[in-house]
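Single-letter residue listing:
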Amino acid sequence: MATYTSSQSGNFSSSATWGGAGVPADGDRFDVSSGHTVTIDTGISVPTNGYTDSYVYGILQSQASQNTTLRMNGRLYIKGGGTLHLRNGAKIQINGSSADQHGIWQENEDGASVIMEGSDGMPSTTLSVAEAEGSTSLAVASGTNFAAGEWIAIYNNTTTAGATNDHNTQHQDEGFWIHEVSGNTIYFRIFGGPNDVTITSASSTSLFVSNAKVFREGQTIIFGTGSNRNIRTISSINYNRNRLTLDSAVTGTVDGETVYLTGSEKYHGASSKVRKMATVTTASATNTATTITVANANMFTAGDEIWIEWRGEADGNTDYVGNYDSIGNTSKTKRVIQSVSSNTITLTAQVGYTVVEGALVTRMTRNVVCETVATDGSDYAFFYSESYTSNYNKKLILKDVYFKNWGNDDSNTQTGVVIRGYYSTDSLPVTLTETVPARGREPWIEGVVLENYPQNSHRNDWGGMWIYDARYAKPRCCMTMNGDEGFGIYYEPGASIANCIATACREWSFRLEGMTEWYEFAYLYSSRSRYGLRDIRLYEHGLGMHDIICDAHQYGIYTYNGNPGLGIYRSRFTALRYGFVSENSGSGLLYSYVKTLSGLVNTDDETGTVQAGSAWNSRFYRSQGDAPFFSVEHNYEIDAMTMYGYNWEAKWDNSEKAWRFFRRYDSSEQPAMMERIYIPANTTVRVSAEVKLAPGFSGNYPYLGAMDLISGTGENRIGNSGGADSSQWAGKRYTTQFSAAAASAYEEEQITITSKPYPRNYMIAVFSDNSNATEGFWIRPIRINIDTPYRISPFNLVNNQNQFSPIPTQVRQSFTQQKKRLGGRLI
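In this text the structure is predicted, and so the values were computed from the model without any measurement.

Peer 1: Is there a simple way to think about the packing of aromatic side chains in this case?
Peer 2: The geometry of two aromatic rings is summed up by the distance between their centres and the angle between their planes. This structure, assessed with the given rule, holds 51 aromatic pairs. Taking 5.0 Å as the distance between ring centres and 85° as the angle between the ring planes, the aromatic pair formed by Phe12 and Phe30 counts as edge-to-face. Remark: Phe30 occurs in strand E3 (residues 29-32) and Phe12 occurs in the loop between strand E2 (10-11) and E3; sequence separation between them is 18 residues. Look at Phe12 and you get buried, because its relative accessible area is 2%. Phe30 sits in the buried class, given a relative accessible area of 0%. Both rings, one in Tyr490 and one in Tyr491, keep their centres 4.6 Å apart while their planes meet at 70°; by these two values the pair is edge-to-face. Among the aromatic residues, those joined into a cluster by ring pairs are Trp462, Trp466, Tyr468, Tyr490, Tyr491 and Tyr539. Residue placement shows Arg528 over the ring face of Trp310; its charged tip is 3.8 Å from the ring centre. Positioned above the aromatic ring of Trp508 is the side chain of Arg534, whose terminal nitrogen or guanidinium carbon lies 4.7 Å from the ring centre.

As structure tokens, this is what we get:
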């Protein structure tokens, strides 16, 4: 093995570049000296195995607009002051096993720069004028390559922002569905909003719809197309009559049209970029089909690799599995184009699954490629940018790059594409060919496609695109496939994700942990991973999480160790197998849609629930009474609310003024709807609950229970001779079971928690102990009465740890309800 060091600027294939003693060959090391620019040119003879560990102190760039290949059998180190610059046609190949730890390594040194700039992988245009928030259409330079139904992203990619800027340009991203294209005007609808409400009739300003509950006064809606297109604002709503009163009269014939939300929510300056994320199929295709028809096939060409959405329940009403642990099926949704004719795409092989009408289709192929030499999983590769936080002088631009067959299985952080530290994109050492904004405190990550090799040995925790303590980093218009995770955000201010796709991940499509300052996770699509989202927000709310679509997962969301409240807004979760997981989180959905697999028991049909959840949450024994996962304005409806706990789901029944409780059908334990209260010393507590069994109930009757939290694993675990409740640390359990009387009417059961000379923390619950009770029951809000007033009035605030009962703890001497005298009568 020889070492070649550049002696001047020039082509990589020129001996003069390396001092006149030949050029690097297979197994050799090369170093690009500071001040030199070495061009990876078409004259390179690609080595069989590749170059060994090599170092860039100057500039290593690809020849412009030429197909070039640099093959490494080691690490390519970008050192302080050095730059790797890849342009259209550039390809870096990595050879080597996992133990070799081969890949592209951006050092933690001042000025170490990686600039990979490919042309747009999907069609794009720009705004021809500025659009203020509230705009209902986009005036673009050209609407030619866009069609109804497609997903578009809009964002600021031109504005310069200095090191002291407040980063308002960073958060001007929005995502929309195209409603209609008229010349150079794009009409759109909201990404995560309702999409199944139809018009039954219209008269003047009155619009009668199939379900008015999903709309709110002041919202802007769009319905109809062409001469029948209407964009109106809702002035008032009669929910009982399903009537929307609009700000002006309806024009045209609109009966049967679908009503959507519209209107931008952010400012977009002139020349902002409008980029297609995905087109859609205009007809369904069987699993044996070799052709699909799309709304607009512009930019798809023979040889392109594309992703075709495999919609949940496409192959049956229990179909959700992406087989994310299997090589055969995780890459099933990637196909190769054989030819394109008009909007018909012919594939090189059968689709392999049912493609529904409206399925998303996007191009994975990019003009800058980083890949492994072997495609059978024998090679491993990573891109790793070390953490550097002394200043923002490190430069990072990853625009429209395809990282292919990527991944690593060693116990380290070099697991896929890992981006750490502080970056900027201003004062660059090279001249760009693509439009990228000059930002003083932000890397630029746009249009990246990351396909991890679909095998567990190539995947490690956080594998995928990991934004690891990378301040203000924001992947936009990117896609990941087959990682352990798709996208991961980890503990640094301002890190965000917008308009991205993650599919077929072994664990989480989007893993979001420890965010602070202004961050945003929005306009995201997740498909056929184990979990759609993992959400741990410990610090601040930022712009939150909104407009997210998670389809065909085991679990929609896993929330943990945070308390963001109703922190996920206007999102959709469909084809879920086990619902949601919530541990110590106090979180939930607001104005969102949830649908579990229709082929299993489900609450829509009132046949049960598939909800699994965490065994440490809302289980009568072995939990601390943590709050369940909430869905408020459930399925967008203004008067609906649902909760998800451990092996149970419950929805509020307005007609009964009670919770309709369902328990999981294939696991027992003790799923419980519960309250948690603090009992002061020398205070007696009286608990009352009313339950009515569902029609056809045939299982074990539910229980009313009260338990000192100390007794989660049993009473008197310390072995006091006086037994349970003999001291503050012995604990106590109380239970009483409902009976057949609850089949015909609400049955009341009561528990008295006796006074003790020490304070206690109690959990009060109605719970079920056997999976044979899947028919469920109604639970009226629990009444919790104490016999002694609190010594200080604010104590009631501490004690009312209500989780599902609107009735606060009250002072009562008995279970009997106190009566009020009105006009001489007791009521």
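Now that the structure is up, let's keep going.
Peer 1: Is there a simple way to explain the nonpolar core in this structure?
Peer 2: One broad trend across soluble globular proteins is that nonpolar side chains are buried collectively. Formed by 77 residues in total, the largest nonpolar core has its most connected members in Leu60, Met116 and Phe403. Looking at this core, the element that brings in the most residues is strand E37 (residues 465-470), giving 5 residues. With 32 residues, the next largest nonpolar core counts Met673, Ile679, Leu704 and Tyr762 among its residues.

Peer 1: Before we go on, may I ask you to explain unusual backbone geometry in this structure?
Peer 2: Most of the time, phi is negative for any residue but glycine, and the peptide bond is trans. In this structure, Met299 is a non-glycine residue whose phi angle is positive, near 90°. Along the chain, the position of Met299 falls in the loop between strand E25 (291-293) and strand E26 (305-308). Backbone geometry places Asp547, a non-glycine residue, at a positive phi of 50°. With respect to the helices, strands and loops of the structure, Asp547 is situated in strand E45 (residues 545-553). In this structure Asp547 comes out as buried when scored by relative accessible area, which is 0%.

Peer 1: I'm lost on the confidence of the model for the protein in this one. Help?
Peer 2: Atom-level detail of predicted coordinates should not be read off regions where pLDDT is low. With 95% of its residues at a pLDDT of 70 or more, the protein shows a mean pLDDT of 93. Across residues 818-827, confidence stays below pLDDT 50; counting only partners more than four residues off in sequence or on other chains, it has 9 contacts.

Peer 1: I would appreciate a short explanation of the pattern of salt bridges in the present structure.
Peer 2: Side chains that carry opposite charge are capable of pairing whenever their charged atoms lie near each other. Scanning the entire structure with this criterion turns up 51 salt bridges. When the shortest N-O distance is used, the salt bridge between Arg528 and Asp319 registers 2.8 Å. Separated by 209 residues along the polypeptide, Arg528 in the loop between strand E43 (521-527) and strand E44 (531-536) and Asp319 in the loop between E26 and helix H1 (327-330) bring together distant segments of the chain. Using a relative accessible area of 2% as the deciding quantity, one classes Arg528 as buried. The partner of Glu442 in a salt bridge is Arg476, with the nearest N and O atoms 3.7 Å apart. In this pair, Glu442 sits in the loop between strand E34 (417-421) and strand E35 (444-446) while Arg476 sits in strand E38 (residues 475-476), placing the two residues 34 residues apart along the sequence. Glu442 sits in the buried class, given a relative accessible area of 2%. By sharing partners, the salt bridges in this structure join Asp120, Lys273, Arg275, Arg366, Lys399, Asp400, Glu434 and Glu446 into a single network.

The rules we used
- Residues numbered from 1 in each chain as written.
- Predicted model: local features only at pLDDT ≥ 70, side-chain atom pairs only at ≥ 80, totals over all residues.
- Heavy atoms only, no water.
- Phe/Tyr/Trp six-rings, centres within 6.5 Å; stacked < 30°, edge-to-face > 60°.
- Helix = DSSP H or I, 4+ residues; strand = E, 2+ residues; numbered from the N terminus.
- Buried < 20%, exposed > 50% of the residue type's maximum accessible area, 1.4 Å probe, protein only.
- Lys NZ or Arg CZ within 6 Å of the ring centre and 35° of its normal.
- Core = buried A, V, L, I, M, F, W, Y, C linked by side-chain atoms within 4.5 Å.
- pLDDT = per-residue confidence, 0-100.
- Contact = heavy atoms within 4.5 Å.
- Salt bridge = Lys/Arg side-chain N within 4 Å of Asp/Glu carboxyl O.

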